[in-house]
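# Descriptive structure summary
Now for the letters of each chain:
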Amino acid sequence: MKLNRGLVAIYVIAIFISGAVTGYYGHRFYDVSAVSANATRNPEEFRRQYIDEMKSRLKLTDQQAVQLSAILDETRSQFRTTRASIEPQLQDARDRIEPQLQRIREDQQRRVHAILSTGQQEEYDKILAERQARRKQREKDSLPPGR
């Protein structure tokens with residue numbers, strides 16, 4: 001069986017493309033950094049990222065950044081006090097304190113809103129809406145199939 005040059009060229013190109021695709025995905029999978037869904041988030045890192053996002057998106061002044069930091073400190077204290085008031089062995093502890101935690105979150109948002117200018121308030125409302133959408137998506141993704 002004699003192969004013509006066109007058919008040989010097609011075979012060589014197909015082999016080259018399959019090797020390139022295999023190499024691309026092999027390199028991609030080899031270099032991917034591991035991400036753990038169970039990794040605990042460092043609260044200080046989360047806080048730093050939150051403040052950085054607020055500074056960049058809301059263009060906070062130095063005074064507003066200091067006020068935001070103070071609000072976050074007070075909120076953290078309130079959360080810790082509320083969580084400490086619930087017995088750790090209770091299975092439904094999270095459900096019982098969630099309304100209190102939600103009031104603390106709303107108070108924080110109200111206080112942050114108060115230190116912002118009108119334009120900043122509009123952007124802050126967008127940030128809150130984005131965060132709420134991500135939270136709902138995470139909850140939806142974490143539900144077992146069929147629920």
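Keep in mind that what you see is a predicted model, and the values were worked out from it rather than measured.

In this structure, Arg47 sits in helix α2 (residues 43-58). Every residue in contact with Arg47, bar those within four places of it in the chain, is listed here: Ser69, Leu72, Asp73 and Arg76.

Its identity as a non-glycine residue notwithstanding, Lys59 has a phi of 50 degrees, on the positive side. Along the chain, Lys59 falls in the loop between α2 and α3 (62-84).

We now examine the environment of Glu44. Of note, Glu44 is situated in helix α2. Polar contacts involving the side chain of Glu44 include one to the side chain of Arg76, which spans 3.0 Å.

Ranked by internal contacts, the top residues of the largest apolar core, which has 13 residues, are Met54, Leu58, Leu68, Val112, Leu116 and Tyr124. Within the residue set of this core, elements represented by two or more residues are α2, α3 and α5 (118-142). Per-element accounting of this core gives the leading share, four residues, to α2. Those residues in contact with Leu58, other than ones at most four positions away along the chain, are Glu53, Leu116, Gln120, Glu123, Tyr124 and Ile127.

A grouping of Ile13, Phe16, Ile17, Val21, Tyr24, Tyr25 and Phe29 is seen on the molecular surface, where their side chains present a nonpolar patch of about 790 Å² in accessible area. Mapping Phe29 onto the fold places it in helix α1 (residues 5-31). Note on Phe29: relative accessible area 59%, which makes it exposed.

What follows concerns the packing of aromatic side chains. Inspection of the entire model under this criterion finds one aromatic pair. Ring centres 5.0 Å apart and planes at 80 degrees place the aromatic pair Tyr24 and Tyr25 in the edge-to-face group. For Tyr25, a relative accessible area of 39% translates into the label partly exposed.

Right, let's talk about the pattern of salt bridges for a bit. According to the stated counting rule, one finds 12 salt bridges in the structure shown. We note a salt bridge from Glu44 to Arg76, for which the minimum N-O separation is 3.0 Å. Taken as a pair, Glu44 in helix α2 and Arg76 in helix α3 lie far apart in primary sequence, 32 residues in all. The exposure class assigned to Arg76 is partly exposed, which follows from its relative accessible area of 25%. Among the salt bridges present, the one from Glu130 reaches Arg57, with a minimum N-O distance of 2.7 Å. Linking Glu130 in helix α5 with Arg57 in helix α2, this pair joins segments that are 73 residues apart in sequence.

About the criteria used
Per chain, residue numbering runs from 1 following the sequence as it is written. Local features in this predicted model are restricted to residues whose pLDDT is 70 or higher, and side-chain atom pairs enter the listing and the counts only when it is 80 or higher, whereas totals over whole chains, interfaces and linings include all residues. The side-chain numbers reported here are obtained from all heavy atoms of the structure, hydrogens and water having been left aside. Helical segments are the DSSP runs of H or I of at least four residues, strand segments are the runs of E of at least two, and each set is numbered from the N terminus. The contact definition used throughout considers only heavy atoms, calling two residues in contact when any of these lie within 4.5 Å. Here a polar contact means two N or O atoms within 3.5 Å. Within protein one must be a hydrogen donor candidate and the other an acceptor candidate, and residues neighboring in sequence count only if both atoms are side-chain atoms. By nonpolar core is meant a set of buried Ala, Val, Leu, Ile, Met, Phe, Trp, Tyr and Cys residues that side-chain atoms within 4.5 Å join together. Think of it in three bands: with a 1.4 Å probe and only protein chains considered, a residue is buried below 20% of the maximum accessible area for its type, exposed above 50%, and partly exposed in between. Distance thresholds for patches are 9 Å for like charges and 5 Å for nonpolar side chains (Val, Leu, Ile, Met, Phe, Trp, Tyr), applied to residues having over 30% relative accessible area and no salt bridge. Calculation of accessible area relied on Shrake-Rupley with a 1.4 Å probe; when residues are assessed, cover is drawn exclusively from the protein chains displayed. For salt bridges, the criterion is a side-chain nitrogen of Lys or Arg within 4 Å of an Asp or Glu carboxyl oxygen. By convention, a stacked pair of Phe, Tyr or Trp rings (six-membered ring in the case of Trp) has centres within 6.5 Å and planes under 30 degrees apart, an edge-to-face pair has planes over 60 apart, and any other such pair is tilted.

Geometric descriptors of this kind do not, in isolation, establish any biological role.
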